[in-house]
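# Structure at a glance
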Amino acid sequence: MKIARFSRLGFILAAAGSAVGLGNIWKFPYIAGEYGGGAFVLIYLITVLLIGFSIMIAEMLIGYLGRKDGVSSFEDLAPKHKNLWKFGGFQGLAGLFIMIFYSVVIGWIFHYIVTSLTYLPSNVEEAEKIFNTMLNTDIFTQLFYHTLAFIWITYVLTKGIKGGIEKMNLVLMPTLMLILIGMFTYATTLDTFGRAVEFMFAPDWTKIDSNTFVVAVGHAFFTLSLGMGAIMTYSASMQKDSNLVTNAFWIVFLDTSIAIVAGLMLFTFLYQYGSGPAQGPGLVFISLPAAFYEMGIIGNIFAVLFFVALGFAGLTSSVSLVEPMVQYFINRFNWSRLKSSITMGLFFYSLGVIALLSNVDGYKEALTWNGKSFFDWVDYITASIMLPLGGLVMAVFIGFVVEKQRVESILRPQLGWAFDAWYFSLRYITPVAMFIVMLSLMEIL
Ligand code: PHE
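Residues numbered from 1 in each chain as written. Predicted model: local features only at pLDDT ≥ 70, side-chain atom pairs only at ≥ 80, totals over all residues. Heavy atoms only, no water.

With 167 residues, the main nonpolar core has Ile 153, Phe 285, Phe 292, Phe 306, Leu 411 and Trp 422 as its most contacted residues. When residues in this core are grouped by element, the largest group, 19 residues, is from helix H15 (residues 297-333). The residues touching Leu 411, leaving out its near neighbours within four places in the chain, are Ile 57, Leu 61, Leu 244, Val 245, Gly 416, Phe 419 and Trp 422. (Core = buried A, V, L, I, M, F, W, Y, C linked by side-chain atoms within 4.5 Å. Buried < 20%, exposed > 50% of the residue type's maximum accessible area, 1.4 Å probe, protein only. Helix = DSSP H or I, 4+ residues; strand = E, 2+ residues; numbered from the N terminus. Contact = heavy atoms within 4.5 Å.)

What follows is the structure, encoded as structure tokens:
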């Protein structure tokens, strides 16, 4: 099968669209808050640069050289033990698993877009009540918006790389950036902006322990969409003579800047109108709407725009989470794109319903094991085990399995003198770091 190609800009926006997701706007600010701000942000930035950037190049290279779905690319590139290495491509399954909870959260966001238009809670207690009522009792609303998310994502996938994924990213990504830049510019005019900057950048080393390190590394991975085959699958559709290093740089740069811009903006609003930074996962659904309330009518507009931007970020990541498996079935089983997209969609949709029910009173008990709901389990298994494991496999695959001369012929001209440093780090530093992170994440979560 011939795989369609992205345009150059289309590739960068689609890959950045994959990376910029709920991880940047929903998760990053609250974990930065929870783990003490500046010191965490610094460790996260260093990890993104040292480990994230180098695995990003490796993952891109597998797709770029393989030019097929993940499983076939691994198979074709391994000089021997093809049947073993092809399992590297089944990492695409992690994307479908992530979608189980990701699509539910996108549903909440859709719901918040609609309600913020006319109503905002007047304080954090009320906001918390509204959120928990939705989460724990309101099956219908959650199911309705979850279904909407499923239809949107599946529809885009049926339209393919060019007419679906690229087209959506070309519209949604610039819109998302405009909204964030607009709201960020407004935030810089508020008195509390300085406090937000200080919180995000002044490191308080007393807050650092091994947990901080592990969470920062884990998040760097999730936010850059690494270890799952999303970047690899998109890279199979990259233009032939593209510069992988420049592309990787743009994706890492956009992803990191958007996380920081979102964080600074949210903390400014929360200092100015709300209750300060450390709020946990409910931050954007609880503390933020209450802060927007204090702004008056402009708060409603901001709230709607904010949730639209968050929804766009989620949708552009979602298609990249499902596309690897969609391509797998098209390529290996000769399925039509329509059949493959709908089947993969129904897979995450139906398990998503179970994830949704696992937060609802009356179902919760049956769907909770060891203190974690089904929803939390999926999040935990994917982010803490599957992605780091996938990253480890990709680093080892490019570092030790694919012939060095093949890797070098493409990357030495692009990396120059840095090639040797990159190769060394991929072979020895990254695998060890990933292994340690995986072990410790399994324990602390
Ligand atoms: N990077 C996305 C986010 O930050 C999530 C994601 C992970 C997407 C892995 C694709 C692959 O939300």
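Resuming the write-up.
This part is about empty space enclosed by the protein. Scanning all chains against the criterion turns up two cavities of 30 Å³ or more. Approximately 140 Å³ is the volume found for the largest cavity. Around the largest cavity sit 15 residues that line it, and Ser 18, Ile 98, Phe 222, Ser 225 and Leu 321 are the ones nearest its centre. Of all elements in the fold, only helix H1 (8-19), helix H6 (92-118), helix H11 (210-223) and H15 reach the threshold of two or more residues within the lining of the largest cavity. In terms of residue class, the lining of the largest cavity is built from eight nonpolar, seven polar and no charged. Considered as a void within the structure, the second largest cavity measures approximately 50 Å³ in volume. (1 Å grid on protein atoms, 1.4 Å probe; cavity = no way out; pocket = protein on both sides within 12 Å on 5 of 7 lines; lining within 4 Å. Points joined across faces, edges and corners; volume = space filled by probe spheres on them. Nonpolar A, V, L, I, M, F, W, Y, C, P; charged D, E, K, R; others polar.)

Now for a nonpolar patch on the surface. Where nonpolar side chains cluster on the molecular surface, the patch consists of Leu 42, Ile 46, Leu 49, Leu 50 and Trp 205 and spans about 530 Å² of accessible area. Locating Trp 205 in the fold gives a position in the loop between helix H10 (193-201) and H11. (Patch = residues over 30% accessible without salt bridge, like charges linked within 9 Å, V, L, I, M, F, W, Y side chains within 5 Å. Areas by Shrake-Rupley, 256 points an atom, 1.4 Å probe, with all protein chains shown as cover. Salt bridge = Lys/Arg side-chain N within 4 Å of Asp/Glu carboxyl O.)

A word on the environment of Ala 196. Checked against the element boundaries, Ala 196 lands in helix H10. Separated by 22 residues in sequence, Ala 196 and Pro 174 place their C-alpha atoms 25 Å apart. Dropping the residues within four chain positions of it, Ala 196 is found in contact with Leu 264, Phe 267, Thr 268 and Tyr 271.

The tally for this structure, following the rule as stated, stands at eight salt bridges. Of the charged contacts, one joins Lys 68 and Asp 76 as a salt bridge, the two residues approaching to 2.8 Å between their closest N and O atoms. Look at Lys 68 and you get partly exposed, because its relative accessible area is 35%. We classify Asp 76 as partly exposed; its relative accessible area is 36%. A salt bridge links Arg 412 to Asp 420; the shortest N-O distance between them is 3.1 Å. Through salt bridges that share partners, Glu 408, Arg 412 and Asp 420 make up one connected network.

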